[in-house]
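# Structure assessment
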Amino acid sequence: MQVYLVGGAVRDQLLGLPNKDKDFVVVGATVADMLDAGFQQVGADFPVFLHPISHEEYALARTERKQGRGYQGFSVHASPDVTLREDLKRRDLTVNAMAIEVKSLMDDTPISGDVVDYYGGLNDIHSKTLRHVSSAFSEDPLRVLRTARFYGRYYDLGFSIADETLLLMRELVRSGELAHLSSERIWQESSRAMMQVSPQVYWQQLFEIGALTEYFAPLQQVWSHAQYGQIREIVQTALYFAGQMQLNLSQRWALLMASLNTDLFALKPTETLSVNIEAAAKAINEIGNSAKVPKAQTQFATLFVQQAKNLSRIDQLSAAEKIDLIQACSAHKAPDKLSQLLVTSHVLKLAIQHRQMMLALNSFHAISMDNIDQNLKGPAIGEALRQRRIEHLQT
């Protein structure tokens, strides 16, 4: 019997990052061996056990074979003759397919600290690349979301997704396999990605490969619309700020769902895509139902898009309007909710202002000495540059 620390714990150790969860693979053991050692079996579909003291997960080495559609369409084979190489091959990304051997079931001290790396995970750690282990990646549509989530998690470290892995992700989207994922798994991955430091990366990546269409269709529709492209940019920035400011899940979800009310962005709606508050609320509920979004997040997001205009101009509201806002938000019962709504509004407004100033900065850099009269001298040069930059920004 051999025991190995595997997956995320090895990956994050190599990256110098903390990791609270440890997962282990046991090679050469049976279910009876694990039960005799005092482990509690928790996996119905494949043998996964909880350590009797640490309660960490230990799984028997296993292989998988695709038999149906979706992430559940697999037959699992776990037996003492399954090797570590075979077990690691079924994993999604090379950076998640490394192992470190430990002393025993009851002692997780590394034997040597050497990393077992059959599939190039160490190289991909060094090159900061997320790459699939094998073509089996295409058998599990959940890996599209997992890879996007890992991309968001390690984006600030400079990681990118390998071109060949992106190709497989796009192919999985086109195949319609994502439709066979359970809504619960969609939300599980999405909510975890939403609470990362850079939550915008996950949503941007899914948008780019067309993966929002299945469960987040109203969002894909707005973000894809030519006239509303800037909404996506603003919301992406707002999500980035939300990550930096450590906003809670409801606040982050509300910022994402704000995309569905174009009026919040001072854009002129078109006849083909006129989204008002009522329609936005309907779209938020549609997404909530299709992706199994918890009621707390759906209700907070709906309330935010309904009251966002008032929240953004608190200092201009009359006494009557302030009382009405308190009533609408049930702030007399839950004052914390009003505080959270105000902060969410502030972050969205900050993102809008940020985009405006980035446009101004682009105009500033777009005009140089080549764009003004070359015969000008002294202060006239600065004034000419300023005027041309103003004109550029106004066009």
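Now for a description of the structure that goes with this document. (Residues numbered from 1 in each chain as written. Predicted model: local features only at pLDDT ≥ 70, side-chain atom pairs only at ≥ 80, totals over all residues. Heavy atoms only, no water.)

## Side note on the overall build of the chain
The secondary structure content of the chain amounts to 16 helices and 11 strands. For the C-alpha atoms alone, the extent of the chain along its principal axes is close to 80 × 60 × 40 Å. Of all 395 residues assigned to the chain, the portion counted as buried reaches 47%. Looking at the chain as shown, the accessible area adds up to about 19400 Å², and 50% of this sits on carbon and sulfur atoms. Averaging the positions of the 39 positive and the 43 negative side-chain charges in the chain gives two centres separated by 5 Å. (Helix = DSSP H or I, 4+ residues; strand = E, 2+ residues; numbered from the N terminus. Buried < 20%, exposed > 50% of the residue type's maximum accessible area, 1.4 Å probe, protein only. Areas by Shrake-Rupley, 256 points an atom, 1.4 Å probe, with all protein chains shown as cover. Lys, Arg positive; Asp, Glu negative; His and termini not counted. Charge placed at Lys NZ, Arg CZ, Asp CG, Glu CD.)

## Regarding the sheet that holds strand β2 (residues 23-27)
Here 7 strands make up an open sheet; going across it, the order is β3-β4-β5-β2-β1-β8-β9 and the pairing mixed. Looking at which strands have only one partner, the edges of the open sheet turn out to be β3 (40-41) and β9 (107-110). Summarising the sheet, β3 and strand β4 (residues 48-50) pair through 2 bridges and their orientation is antiparallel. Paired with Q41 across the two strands is F49, which belongs to β4. (Pairing = 2+ DSSP bridges.)

## Here we look at the pattern of salt bridges
By the definition in use, this model includes 14 salt bridges. Ionic pairing is found between R313 and E321, a salt bridge with its closest N-O pair at 3.6 Å. Looking at R313, the relative accessible area reads 26%, which means it is partly exposed. A salt bridge links E391 to R388, with the nearest nitrogen and oxygen atoms 3.6 Å apart. On the criterion of helical spacing, the pair formed by E391 and R388 is a turn pair, its members being 3 residues apart in helix α16 (residues 379-394). For E391, a relative accessible area of 35% gives the class partly exposed. R388 sits in the partly exposed class, given a relative accessible area of 29%. Each of the salt bridges in this network shares a partner with another, and the network as a whole consists of R11, D12 and R153. (Salt bridge = Lys/Arg side-chain N within 4 Å of Asp/Glu carboxyl O.)

## Considerations on the packing of aromatic side chains
Describing an aromatic ring pair means giving the distance of the ring centres and the angle of the ring planes. Inspection of the entire model under this criterion finds 13 aromatic pairs. Measuring from ring centre to ring centre gives 6.4 Å for F150 and Y154, while their planes differ by 5 degrees; the resulting arrangement is stacked. Here F150 and its partner Y154 are both found in helix α5 (residues 142-154), 4 residues apart, which amounts to about one turn of the helix. Per residue, the accessibility class of F150 equals that of Y154, and both read buried. Joined through ring pairs, the aromatic side chains of W187, Y202, W203, F216 and W253 make up one cluster. Here R149 stacks its cationic end above the ring of F150, 5.0 Å away from the centre of that ring. (Phe/Tyr/Trp six-rings, centres within 6.5 Å; stacked < 30°, edge-to-face > 60°. Lys NZ or Arg CZ within 6 Å of the ring centre and 35° of its normal.)

## Focus: the nonpolar core
If you look at the biggest cluster of nonpolar residues, it comprises 96 residues, and the most contacted ones within it are W203, F216, W253, L256 and L348. With residues up to four places along the chain from it excluded, the contact list for W203 reads S190, M194, L212, F216, L219, W223, Q236, L239, W253 and L256. Listed in part, the 12 residues of the second largest apolar core include V27, L88, A99 and Y119. (Core = buried A, V, L, I, M, F, W, Y, C linked by side-chain atoms within 4.5 Å. Contact = heavy atoms within 4.5 Å.)

## A closer look at a nonpolar patch on the surface
A cluster of nonpolar side chains, namely M357, M358, L361 and F364, defines an oily patch on the protein surface of about 380 Å² accessible area. Structurally, M357 can be placed in helix α15 (residues 335-366). (Patch = residues over 30% accessible without salt bridge, like charges linked within 9 Å, V, L, I, M, F, W, Y side chains within 5 Å.)

## Observations concerning the pairing of β9
Summarising the sheet, strand β8 (residues 99-104) and β9 pair through 2 bridges and their orientation is antiparallel. What sits directly across from S104, in β9, is D107. Where β8 hands over to β9, the hairpin turn is made up of 2 residues, counted between the paired strands.

## Some details on helix α10 (residues 229-244)
Over its 16 residues, α10 runs 23 Å from end to end, which matches the ideal 22 Å to within 8%, given 1.5 Å per residue. In terms of burial, α10 is largely enclosed, as 12 of its 16 residues are buried. All buried positions along α10 are accounted for by G229, I231, R232, I234, V235, Q236, T237, A238, L239, F241, A242 and G243. Buried residues in α10 make contact with α7 (183-194), α8 (200-208), α9 (217-224), α11 (249-257) and α15. Looking one or two residues past α10, Q246 carries a phi angle of roughly 60 degrees, positive in sign. (Expected span 1.5 Å × (residues − 1).)

## Looking at the pairing of strand β1 (residues 2-6)
Extensive coverage of β1 is indicated by the burial of 4 of its 5 residues. Direction of pairing for β1 relative to β2: antiparallel, over a ladder of 5 bridges. When the bridges of β2 are listed, Y4 appears paired with V25. Two strands pair when backbone bridges link them, and β1 and β8 are joined in this way by 4 bridges, in the antiparallel orientation. From the neighbouring strand, V6 faces β8, where its bridge partner is A99.

## Quick word on the side chain of R90
Secondary-structure assignment places R90 in the loop between α3 (84-89) and β8. R90 gets classed as buried once you look at its relative accessible area, which sits at 14%. Setting aside anything within four residues of it in sequence, one finds R90 in contact with R62, E64 and R143.

## Observations concerning unusual backbone geometry
Glycine aside, negative phi is the norm for most residues, and most peptide bonds take the trans geometry. Positive phi values are uncommon outside glycine, yet H55 reaches one of about 65 degrees. For H55, the location among the structural elements is in the loop between β4 and β5 (57-60). Note on H55: relative accessible area 54%, which makes it exposed. Despite not being glycine, K292 shows a phi value in the positive range, around 55 degrees. Assignment of secondary structure puts K292 in the loop between α12 (277-290) and α13 (295-311). Residue classification places K292 among the partly exposed positions, given a relative accessible area of 43%.

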